[in-house]
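So you can see what is in the structure, the chains are spelled out below.
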Amino acid sequence: MSLLRTENVIMQFGGVVAVNDLNIDIKKGELAALIGPNGAGKTTAFNVITGVYAPTSGKVLFTPTDNAGIATEIDITGKKPDKITGMGVARTFQNIRLFKELSVIENVLVATHLNANYSFLSAILRTPKAQKGERQAKAECEFLLERLGLIDLQNEKASSLPYGQQRHLEIARALATKPNLLLLDEPAAGMNPQETDELTDLIFKLKTDFDLTIFMIEHHMDLVMEISDHIYVLDFGCTIAKGTPEAVQNDPKVIEAYLGVDADVEN
Ligand SMILES: Nc1ncnc2c1ncn2[C@@H]1O[C@H](COP(=O)(O)OP(=O)(O)OP(=O)(O)O)[C@@H](O)[C@H]1O
Ligand SMILES: [Mg+2]
């Protein structure tokens, strides 16, 4: 079953066609990757999916499952980012976006408020229901920080964390919104090979343990090839290849886009 599809999505900024006719189809439980050279339109595709931009044309379709287990495809094109998050789509950012002055755990707590089952007023009045909700939210955040290896740093300022750990914190914050679909924009950026290896294992484990579908932009090819079920390759906004890691890796168009040479000529 498809969890996320796009139909002929075009995103234009003035004369720049950042995303040109994007058609993706990500099945529930899958780990898909979006790769391509710098400026190919990868982050823009994520921004359209998560409602940061309404596309110039085309559709974004998401299929959440309700409490009764019934899945319904919903047109989420151009809906507000918080609406889309509330439906079960969470993301991390290429340029880390944490509340720098808040502590590690506060950064995660902020995200749990999206799912709070008590009102803003009851939170201010600190009613028993609100207090219970806050205790529950804190326990959930501690659990997530434990899973992301940050529990001992929970009271540190977010900005004091090394880069790699800030990326882990972004994942914890995304998970706090209880997503079905998790979009990761270059989760291993700035990490050394050992950190990248550890992250690869972690992403794979989180996918199983949290029953996630993952769509990931990444430049570290080892990571992408090791854990992806399907890969989409963008170049100048266009999808130049899609398929299994093996098929994509050997596709002359992909080799050409990455190396900037005509693969046939090289052979
Ligand atoms: N808000 C915007 N206004 C104008 N142009 C934009 C905007 N956002 C992106 N672009 C342009 O769209 C193109 C695609 O950018 P995008 O950030 O999506 O690429 P990317 O594949 O994520 O690249 P990278 O690997 O460097 O992160 C670029 O030419 C970029 O300059
Ligand atoms: Mg990008």
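Numbering of residues begins from 1 in every chain and follows the order in which that chain's sequence is written. Here the convention is simple: chains get letters from A, ligands get numbers from 1, in the order in which they are written. In view of the model being predicted, local features appear only for residues whose pLDDT reaches at least 70, and side-chain atom pairs are presented and counted only at 80 or more, with totals across whole chains, interfaces and linings using the full set of residues.

Student: Describe the domain arrangement of the protein chain, listing the residues and the values that go with them.
Tutor: In this entry, domain limits derive from an automatic or database-based domain assignment. Along its sequence, the protein chain is carved into domain 1 (1-88 + 179-267) and domain 2 (99-177). Taken over C-alpha atoms, the centre of domain 1 sits 27 Å from the centre of domain 2. In this assembly, 9 residues from domain 1 lie in contact with 8 residues from domain 2. Ten residue types, Ala, Val, Leu, Ile, Met, Phe, Trp, Tyr, Cys and Pro, are classed as nonpolar, four, Asp, Glu, Lys and Arg, as charged, and the remainder, Gly among them, as polar. The residue inventory of the side of domain 1 that touches domain 2, partitioned by class, reads 5 nonpolar, 3 polar and 1 charged. Here, residue contact means that the backbone-derived C-beta atoms of the two residues sit within 7 Å.

Student: Lay out the nonpolar core with the relevant residues and their values.
Tutor: Take the buried Ala, Val, Leu, Ile, Met, Phe, Trp, Tyr and Cys residues, join any whose C-beta atoms are within 7 Å, and the set you get is a nonpolar core. Counting other C-beta atoms within 10 Å of a residue's own tells you its class, since 20 or more makes it buried, 12 or fewer makes it exposed, and anything in between is partly exposed; those C-beta atoms are placed from the backbone. Among the nonpolar cores identified, the biggest contains 64 residues, and Leu145, Ala172, Phe215 and Val233 are the most heavily contacted of them. Two domains each donate at least three residues to this core, and these are domain 1 (1-88 + 179-267) and domain 2 (99-177). The contact partners of Ala172, leaving out residues within four places of it in the chain, are Val108, Leu144, Leu145, Leu148 and Leu150.

Student: Give a detailed account of the site of ligand 1, specifying residues and quantitative values.
Tutor: Should the C-beta atom of a residue, placed from the backbone, lie within 6 Å of a molecule or strand, that residue is near it. Around ligand 1, the surrounding shell consists of Phe13, Val16, Ala18, Gly36, Asn38, Gly39, Ala40, Gly41, Lys42, Thr43, Thr44 and Gln94. Helix and strand assignments come from DSSP, with helices taken as H or I runs of at least 4 residues and strands as E runs of at least 2, each series counted from the N terminus. Residue assignment for the shell around ligand 1 shows that the elements contributing at least two residues are strand E2 (16-22) and helix H1 (42-49). Ranked by residue count, the leading element in the shell around ligand 1 is H1, at 3 residues. Of the residues belonging to the shell around ligand 1, the class tally is 4 nonpolar, 7 polar and 1 charged.

Student: Explain the sheet that holds strand E7 (residues 89-91) to me, and be specific about the residues and the numbers.
Tutor: On the basis of which strands lie adjacent, the open sheet formed by 6 strands has the order E7-E8-E9-E4-E10-E11 and mixed pairing. Among the strands making up the open sheet, the edge pair consists of E7 and strand E11 (238-243). Strand after strand, the sheet turns through a mean of 15° between neighbouring axes, direction not considered. What makes two strands pair is DSSP finding at least two bridges between them. Pairing of strand E4 (residues 31-35) with strand E9 (residues 213-217), which is carried by 4 bridges, proceeds in the parallel orientation. When the sheet's bridge partners are listed, Ala32 is paired in E9 with Phe215. Relative to strand E8 (residues 181-185), H1 is tilted by about 150°, and along the sheet it contacts E4, E7, E8, E9 and strand E10 (230-235). Fitting a line to C-alpha atoms yields each axis, with helices limited to the stretch in contact; the angle taken between N-to-C directions then spans 0 to 180 degrees.

Student: Talk me through the packing of helix H3 (residues 104-112) against helix H6 (residues 163-175); I want residue IDs and the actual numbers.
Tutor: It is the contact of H3 with H6, at a shortest axis distance of 8 Å, that shows an interaxial angle of 30°. If you check the angle between H3 and H6, you find them roughly parallel. Crossing of H3 over H6 shows right-handed handedness. Facing H3, whose interface residues are Val104, Asn107, Val108 and Ala111, H6 presents Leu169, Ala172 and Arg173. Any angle from 65 to 115 degrees is called roughly perpendicular, while one under 35 is roughly parallel, one over 145 is roughly antiparallel, and all others are oblique. The handedness criterion is simple: a crossing whose near helix is rotated anticlockwise from the far helix by less than a right angle is left-handed, and one whose near helix is rotated clockwise is right-handed.

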